[in-house]
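Here is how the chains run, residue by residue.
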Amino acid sequence: AESKSMLLSEYTEKVIEYQKQKNRSKGHIDRLRNEGKNLQVHFGDVYINKIKGRDCDEYLSEKDVLPVSKDSYKKDISAFFRLAKQWELIKTNPAENMDSVDVGGVDVVPEDPEYLIKYLREADEEWIDFYMMEWFAGVRTSEARALKYEDCHKPRNPESEWTIDL
């Protein structure tokens, strides 16, 4: 099976190429590209069939983020490895064997403002507005990712708040 496997760097390139051919959104492709890069930094350029659920749990546990964000990372990991399973490069998606992430009862906005500042400083500049909208509007990640510009309504009065159709 290893002879049919791929190095993480090669797999990342193939996934991005495939997603572009399928006309996937730039945001989706960027998330997969970033996940591939982050996994390479953590694991090195290993064969993807060597990465197991417990390895992904360790990778996720090292991220200093809110549980809601960890759950989002887990979904990104699952999406990243989905094609590897489809292409028979791995037997099981490592995300299928990861520990569940408890997000229940967690405030969307962190209580510690220093944490929020640290997170935003490390975020890609093009995503900052997205994260701010998620945190301060209380929008779930899945809802925010599905939003279109026409779902957001700018108020006529500049002192009023924007509204979002979910």
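Let us look at the structure shown here. (Residues numbered from 1 in each chain as written. Predicted model: local features only at pLDDT ≥ 70, side-chain atom pairs only at ≥ 80, totals over all residues. Heavy atoms only, no water.)

Right, let's talk about the overall build of the chain for a bit. Counting its secondary structure elements, the chain contains seven helices and two strands. Secondary structure of the chain in N-to-C order comes out as α-α-α-α-α-α-α-β-β. The buried share among the 166 residues of the chain stands at 37%. Long-range contacts, defined as pairs at least 24 residues apart, comprise 61% of the intrachain contacts of the chain with a sequence gap of at least 6. Surface accessibility of the chain: about 10900 Å² in total, with carbon and sulfur atoms responsible for 47%. (Helix = DSSP H or I, 4+ residues; strand = E, 2+ residues; numbered from the N terminus. Buried < 20%, exposed > 50% of the residue type's maximum accessible area, 1.4 Å probe, protein only. Contact = heavy atoms within 4.5 Å. Areas by Shrake-Rupley, 256 points an atom, 1.4 Å probe, with all protein chains shown as cover.)

Take a negative patch on the surface next. A contiguous patch of negative charge, built from Glu10, Glu13, Glu17 and Asp45, is present on the exposed surface. As for its position among the elements, Asp45 is in the loop between α2 (26-43) and α3 (53-61). Owing to a relative accessible area of 39%, Asp45 belongs among the partly exposed residues under this scheme. (Patch = residues over 30% accessible without salt bridge, like charges linked within 9 Å, V, L, I, M, F, W, Y side chains within 5 Å. Salt bridge = Lys/Arg side-chain N within 4 Å of Asp/Glu carboxyl O. Lys, Arg positive; Asp, Glu negative; His and termini not counted. Charge placed at Lys NZ, Arg CZ, Asp CG, Glu CD.)

A full pass over the atoms with the stated rule returns four salt bridges. Arg31 serves as the salt-bridge partner of Asp76, at 3.8 Å between the closest nitrogen and oxygen. Here Asp76, found in helix α4 (residues 67-86), pairs with Arg31, found in helix α2; they are 45 residues apart in sequence, far enough to count as distant. In the salt-bridge network here, residues are joined through shared partners; they are Lys26, Asp30 and Arg33.

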